[in-house]
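Breakdown of the fold
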Amino acid sequence: MAETPTSQHDAALSDPDFADVSGSDWEAAAAGALRGEPLSSLHTMLLGGIETAPLYTAHRHGTEADPSGLPGSAPFVRGAAAASGARGWEMRQIHDVRLAGTPDAVAVDTTSGVDAVTVARGWDADGDAAALAAGIGDAAGAGVTIHLQSGASPAQAAALLDVFAHHDVDLAGLRSWFGLDPIAAAASGWRPADSGDSAALVSAMCSTARSAAGIAQRSPRAVPLEADGSVFADAGASDTTELAAMLATGVAWLRVICDNTDGPGLDPAAAARLVGFTLSAGPDAFLVTAKCRAMRMCWTRVLGACGVDVGGDDGPPMRLHAVTAMAMLSALDPWVNMLRATTASFGAANGGVDAITVRPFDTVSAGQASSSLGWRVAANTQLILRHESRIGSVIDPAGGCWYLEDLTRKLAHAAWDRFREIEATGGMCAAMAGGELETSIAAERAMRNERIATGEHVLVGVTDFVDSQAEQASAVSVSAGDPAGSPAVGLGVHRWAAPYEAGTTGQAATGAAGS
């Protein structure tokens, strides 16, 4: 066979001496493609005041002086562990124990690869104790991890412990999250907490912290307390404000546990082990990844300021859980929600979270009573990402990506500045009580709505690429929330698509809250 002559292109690829291209050369080439428009015209200002550029090079965004450290070392930007986990993250599903079909749904999930079950808000510790035992008792007895959604009360935590005791669950090895978070309870409106009284919030946190310390004595691996930022994101907060609220809530827990005379009086390292963090995962996978990394960076800085040896082997871990954002879900063309959940989960997994919860795509129309298809797709989204795509097997997948490295740093700095503003008002409880936080979230929500209205932010299937048949189908299927109805107080859930669904159905504008 005659040899094929080497082309000029092949010769160029085989030449190891590539020309040295500077950052200005890249910018000139990019500007040339814009036909006279400046490169700055492609800069984007994200909600929360973070500017992103169209071009990233090592010249301007290199990582040589990056303070992010290595995987498994402070400040844990690149992950909490130095090696990838064999199973990746924990897969969670939320179920409402008040629904008759919950025991069967939980059994299907836990035999299909789901790792943990979260008990949704809305149940009563006394009146629904039997429903709780029936809904998750068999799963708990079989060794499935059971969690409570954020905003749970000490009475609900005690009820869950009773279920564990009835099924002889080893409390010493328990890894449950008990979701004790009075701030999230007040913000979401699901528990009778007076968000307008700072002293009342602090008092609720003190009593809750004492309960958490008691749980920790029996179950040192459990996570009794939570700082849930997703309730603020679903109310309309930017990613910057959401992270700041999580940091401020975490600091409020440290103050209550360590310094308040009505608290349990633990040292900061022990206090930090009691707290888990939940953030929302939206449809921008890159932003979700950066948000997870930035949160670990900022919390490590908080603990360091409290004198905790964050770099030591015994340093307290940061337990980070991501839940797909309720605000991004639409009732119109709900099938698009599958894509939103997939990109959100992908971003969270790449961000190195410890656990992910995916809401069913039909949550808006059905609430907690989502269809079996909705639950199955929610579980399969994570199963495919974890077992087929092997997303969790990669260590620090964002490492070295100039865009993500820069976005992480900018997001961390912006969140830290916003956190300091909350602290300047007197802390998270004071910001809640004084209305400062609610006012800023309302402003950010209005800004996002304006961007959607002007077409700057597109909602696929809602504001663009609308399927007329799906629109007609949604008109008869959307209901006003979950079986318990919507909470009457709190920041509420403000779905981005709701204003565009109001013309289709009068009930759609409020969406489904809380779940």
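Basis of the calculations
Residues numbered from 1 in each chain as written. Predicted model: local features only at pLDDT ≥ 70, side-chain atom pairs only at ≥ 80, totals over all residues. Heavy atoms only, no water. Helix = DSSP H or I, 4+ residues; strand = E, 2+ residues; numbered from the N terminus. Buried < 20%, exposed > 50% of the residue type's maximum accessible area, 1.4 Å probe, protein only. Contact = heavy atoms within 4.5 Å. Areas by Shrake-Rupley, 256 points an atom, 1.4 Å probe, with all protein chains shown as cover. 1 Å grid on protein atoms, 1.4 Å probe; cavity = no way out; pocket = protein on both sides within 12 Å on 5 of 7 lines; lining within 4 Å. Points joined across faces, edges and corners; volume = space filled by probe spheres on them. Nonpolar A, V, L, I, M, F, W, Y, C, P; charged D, E, K, R; others polar. Pairing = 2+ DSSP bridges. Axes fitted to C-alpha atoms, helices over the stretch in contact; angles between N-to-C directions. Phe/Tyr/Trp six-rings, centres within 6.5 Å; stacked < 30°, edge-to-face > 60°. Lys NZ or Arg CZ within 6 Å of the ring centre and 35° of its normal. Expected span 1.5 Å × (residues − 1). Core = buried A, V, L, I, M, F, W, Y, C linked by side-chain atoms within 4.5 Å. Parallel < 35°, antiparallel > 145°, perpendicular 65-115°, else oblique. Left-handed = near helix turned anticlockwise from the far one by under 90°.

For the rest of this paragraph, the subject is the overall build of the protein chain. Counting secondary structure elements, the protein chain contains 20 helices and 10 strands. In the protein chain, which comprises 515 residues, the proportion classed as buried is 51%. A sequence separation of at least 24 residues applies to 76% of the contacts in the protein chain between residues at least 6 apart. Counting every atom, the protein chain has about 22,000 Å² of accessible surface; 54% of that belongs to carbon and sulfur.

Time to look at the layout of surface pockets. Space inside the second largest pocket adds up to approximately 790 Å³. Around the second largest pocket sit 33 residues that line it, and Pro 283, Asp 284, Leu 287, His 457 and Trp 496 are the ones nearest its centre. No other element matches helix H13 (residues 336-350), which puts 4 residues into the lining of the second largest pocket. Considering only residue class, the lining of the second largest pocket consists of 18 nonpolar, 6 polar and 9 charged.

Once that is clear, we can look at the pairing of strand S7 (residues 223-228). In terms of residue burial, S7 counts as a mostly covered element, since 6 of its 6 residues are buried. Both strand S6 (residues 177-180) and S7 contribute to a ladder of 2 bridges, which runs parallel. Within S7, the residue paired with Leu 180 across the bridge is Leu 225. One ladder, built from 4 bridges, connects S7 with strand S8 (residues 275-281); its direction is parallel. Paired with Glu 226 across the two strands is Gly 276, which belongs to S8.

Reading across from one edge, S5-S4-S3-S10-S9-S8-S7-S6 is the order of the 8 strands in this open sheet, with parallel pairing throughout. Whereas interior strands pair on both sides, the edge strands pair on one side only; in this sheet they are strand S5 (145-148) and S6. Direction aside, the axes of adjacent strands within the sheet are offset by 35° on average. Inspection of the sheet shows S8 paired to strand S9 (residues 319-324) by 6 bridges, in the parallel sense.

Turning to the packing of aromatic side chains, a few remarks are in order. Summed over all chains, the structure comprises 5 aromatic pairs. The interplanar angle of 80° and the centroid separation of 5.8 Å between the aromatic rings of Phe 286 and Tyr 403 together place this pair among those described as edge-to-face. Separated by 117 residues along the polypeptide, Phe 286 in helix H12 (residues 285-305) and Tyr 403 in helix H16 (residues 402-424) bring together distant segments of the chain. Judged by its relative accessible area of 45%, Phe 286 is partly exposed. Judged by its relative accessible area of 21%, Tyr 403 falls in the partly exposed class. In this structure an aromatic cluster arises from ring pairing among Tyr 56, Phe 286 and Tyr 403. Here the basic side chain of Arg 92 rests over the ring of Trp 177, its NZ or CZ set 4.5 Å away from the ring centre.

Attention now goes to helix H10 (residues 239-258). Compared with the 28 Å implied by 1.5 Å per residue over 20 residues, the 29 Å span of H10 between its first and last C-alpha is a close match. Within H10, 18 of the 20 residues are buried, leaving the element largely enclosed by the surrounding structure.

Counting 125 residues, the largest nonpolar core has Ile 136, Ile 146, Phe 178, Phe 232, Phe 277, Leu 320 and Met 428 as its most contacted members. Ranked by residues supplied to this core, first place goes to H10 with 12 residues. In contact with Ile 136, other than residues within four places in its own chain, are Val 97, Val 117, Val 119, Ile 146, Leu 160 and Val 163.

With that out of the way, let us pick up the packing of H12 against H13. The geometry of H12 relative to H13 is characterised by a closest axis approach of 7 Å and an angle of 30° between their N-to-C directions. It follows that H12 is roughly parallel to H13 by the angle criterion. Crossing geometry of H12 relative to H13 is assigned as right-handed. Across from Ala 285, Val 288, Thr 289 and Cys 292 in H12, the residues of H13 making contact are Thr 343, Ala 344, Phe 346, Gly 347, Ala 348 and Asn 350.

Keep in mind that these numbers describe shape and distance, not what the molecule does.
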